[in-house]
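# Structural characterization, general
For reference, the chains in residue letters:
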Amino acid sequence: MGSEMCIRVCESIRACPNGTVTFVLDRLAEGDSLPAAIREAQRRGIAEADPSSDLSGADAATKVRLLAALTWGWDPASVEVRAQAVGADAAGAALGARSRGRRLRAVASAHADRPLLVHVRLEEAEPGDPLHALAGPEKAVVFGCPDAGDVIVSGGRSSPLGAALALVKDTIEVTAPRSGFF
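My aim in this report is to walk through the structure given alongside it, one point at a time. Treat the numbers as computed from the prediction; the structure is a model and nothing was measured. (Residues numbered from 1 in each chain as written. Predicted model: local features only at pLDDT ≥ 70, side-chain atom pairs only at ≥ 80, totals over all residues. Heavy atoms only, no water.)

## Here's the deal with helix α2 (residues 19-29)
Which entries qualify depends on this criterion: Using a 1.4 Å probe on the protein chains alone, a residue whose accessible area is under 20% of its type maximum counts as buried, one over 50% counts as exposed, and one in between counts as partly exposed. Strands are runs of DSSP state E lasting at least two residues, helices are runs of H or I lasting at least four, and both sets are numbered from the N terminus onward. Under the rule applied, a polar contact is a pair of N or O atoms within 3.5 Å (in protein, one hydrogen donor and one hydrogen acceptor; residues adjacent in sequence only if both atoms are side-chain atoms).
Among the 11 residues of α2, 11 are classified as buried, and the element is accordingly described as predominantly covered. Within the sequence span of α2, burial applies to Gly19, Thr20, Val21, Thr22, Phe23, Val24, Leu25, Asp26, Arg27, Leu28 and Ala29. Capping of α2 at its N-terminal end is provided by Asn18; its side-chain oxygen lies 3.1 Å from the backbone amide nitrogen of Thr20. Looking one or two residues past α2, Gly31 carries a phi angle of roughly 105 degrees, positive in sign.

What follows is the structure, encoded as C-alpha cells:
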C-alpha cells in the first residue's frame, strides 16, 4: 500500500537533498566567498575533493529523479533536468536573502502534473518552510500531499562517516531478507 498510496496522494516533491550545497549557501550568507565556503566544507569533511556535481545541481537532481521514480513510477533515465548551478553570483543572493530574514536554498523539485521534469533552482526559503530550518549540511524532503498534509523527512548530515554508515545500513536492509541476517 505504501507506494500506491503515494501515487494517489502525493503531488509534489521539494527537497534540499544535498548537504554540501546547503552548508555552502549558509556560509555565503555569513559573508564567505564561494571558494572559502567550499574550502571550509572540504575541511570539515562535508564536501568531496571535487564538489562540482553538488554545486551544479546534478547530485540533487539525481536524488529527486529517484524519489520521483519511486513515488510516481517515472523512468529515471527519461527525466529531463533543468538545474541552476551555485556560482559566484550566489554570494550576493545569499546575503540578500539573509537581509530579508530568509535563507537561500538549492531546491530540487518535481510535480506529478509535470511528468519527467526535475528542476533545481536557487530559491529564498521563508521562516516556517522546512527547507529554511535546515542548518549546515542537513537535508530535507517535503512530499506535497494535499489530502494528507505535507510529509516532511529531514535530518542527516553530509560527511564521509555518515555516508559510509548509510551505505552499511542500506546494504543490510536490502540483503537481510535474502541472507537471513535478521
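## Examining the pairing of strand β3 (residues 103-111)
To keep it simple, the criterion reads: Strands qualify as paired when DSSP identifies two bridges or more between them.
Taken across its nine residues, β3 has seven buried, putting it largely inside the fold. Two strands pair when backbone bridges link them, and strand β1 (residues 12-16) and β3 are joined in this way by four bridges, in the antiparallel orientation. Its bridge partner lying in β3, Arg14 is registered against Ser109. Bridge count for β3 against strand β4 (residues 117-125) is eight bridges, and the pairing is antiparallel. In the strand pairing of β4, Arg105 is matched with Glu123.

These figures capture arrangement, not role.
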